[in-house]
Amino acid sequence: MPRAQSDTKAEIQAAALDLFARKGFEKTSLREIAERLGITKAALYYHFPSKNDLLRSLVEPLEQDMGDLFAEYGDERGEATEGMSDRARELLGDYFDICVRHSTLLVAVLNDVGSLADIGLIDAVVAWRRRLDRLLVGPGHGTPARMGAVIALGGIQDISVMLSAEEALAYRERALDIALAALVAGISSKD
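Residues numbered from 1 in each chain as written. Predicted model: local features only at pLDDT ≥ 70, side-chain atom pairs only at ≥ 80, totals over all residues. Heavy atoms only, no water.

The name given to the chain in an unreviewed UniProt entry is Helix-turn-helix domain containing protein, and the organism recorded there is Streptomonospora nanhaiensis.

Structure, rendered in structure tokens:
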């Protein structure tokens, strides 16, 4: 029985993401991806004309999730909406969930920063972090507050890379407690 087109596309993405995370983007060939799935390279090219197109398709869900996060918590400039300080834990929790959901992609980023920079992902991640910083800290706070946000956000992101998804989720609330403590300590500090 032949595979459904959508199944093949999803299978290609899953195999590619696993290989990119293990070996890096540059060291993974389309031939390896096709062989892993038992399909021809031509079948792979039917769905993804290039390896960069395949990589972009893997990044799209993360971009969508981050867009949704910013739509929920901030305005188009990345400034916090009214009452954001009361929602910091909720924002950190949603960011935690996104990082865990996309942990394999984040590992792939670490394995091959150069290739992912070529498609703009590194610049996007830095821009997202800056927007998240502004949402959490807002204007009028100095370096210690920014440091608290960097530690909170970086810690959350690193948890998704250093721990398995199951382990990260098991300690989600404790991780949020720690991230929020770093954020509050930074905001409470005097410059």
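**A few points about helix α8 (residues 121-137)**
Counted at 1.5 Å a residue, the expected span for α8 with its 17 residues is 24 Å, and the 24 Å between its end C-alpha atoms agrees. Along α8, the positions that sit buried rather than exposed are Leu121, Ala124, Val125, Trp128, Leu132, Asp133, Leu135, Leu136 and Val137. Buried residues belonging to α8 abut α4 (51-73), α5 (88-101), α6 (103-111), α7 (113-118), α9 (143-162) and α11 (172-188). After α8 finishes, the residue glycine 138 shows a positive phi value of roughly 70°. (Helix = DSSP H or I, 4+ residues; strand = E, 2+ residues; numbered from the N terminus. Expected span 1.5 Å × (residues − 1). Buried < 20%, exposed > 50% of the residue type's maximum accessible area, 1.4 Å probe, protein only. Contact = heavy atoms within 4.5 Å.)

**Let's talk about the nonpolar core**
Formed by 56 residues in total, the largest nonpolar core has its most connected members in Phe20, Ile33, Met66, Leu92, Leu121 and Leu132. Considering every element that reaches this core, the biggest residue donor is α4, with nine residues. Discounting chain neighbours no more than four positions away, the residues touching phenylalanine 20 are Phe25, Thr28, Ile33, Lys51, Leu54, Leu55, Leu58, Ala108 and Asn111. (Core = buried A, V, L, I, M, F, W, Y, C linked by side-chain atoms within 4.5 Å.)

**Side note on the packing of aromatic side chains**
Overall, the coordinates contain one aromatic pair when judged by the stated rule. When the ring of phenylalanine 20 is compared with that of phenylalanine 25, the centres are 5.0 Å apart and the planes differ by 65°; the resulting orientation is edge-to-face. Comparing phenylalanine 20 with phenylalanine 25, the two get one shared label, buried. Its guanidinium or amino end placed over the ring of phenylalanine 25, lysine 51 lies 4.5 Å from that ring's centre, counting from NZ or CZ. Above the plane of the ring of phenylalanine 70 lies arginine 131, whose end atom (NZ or CZ) is 3.9 Å from the centre. (Phe/Tyr/Trp six-rings, centres within 6.5 Å; stacked < 30°, edge-to-face > 60°. Lys NZ or Arg CZ within 6 Å of the ring centre and 35° of its normal.)

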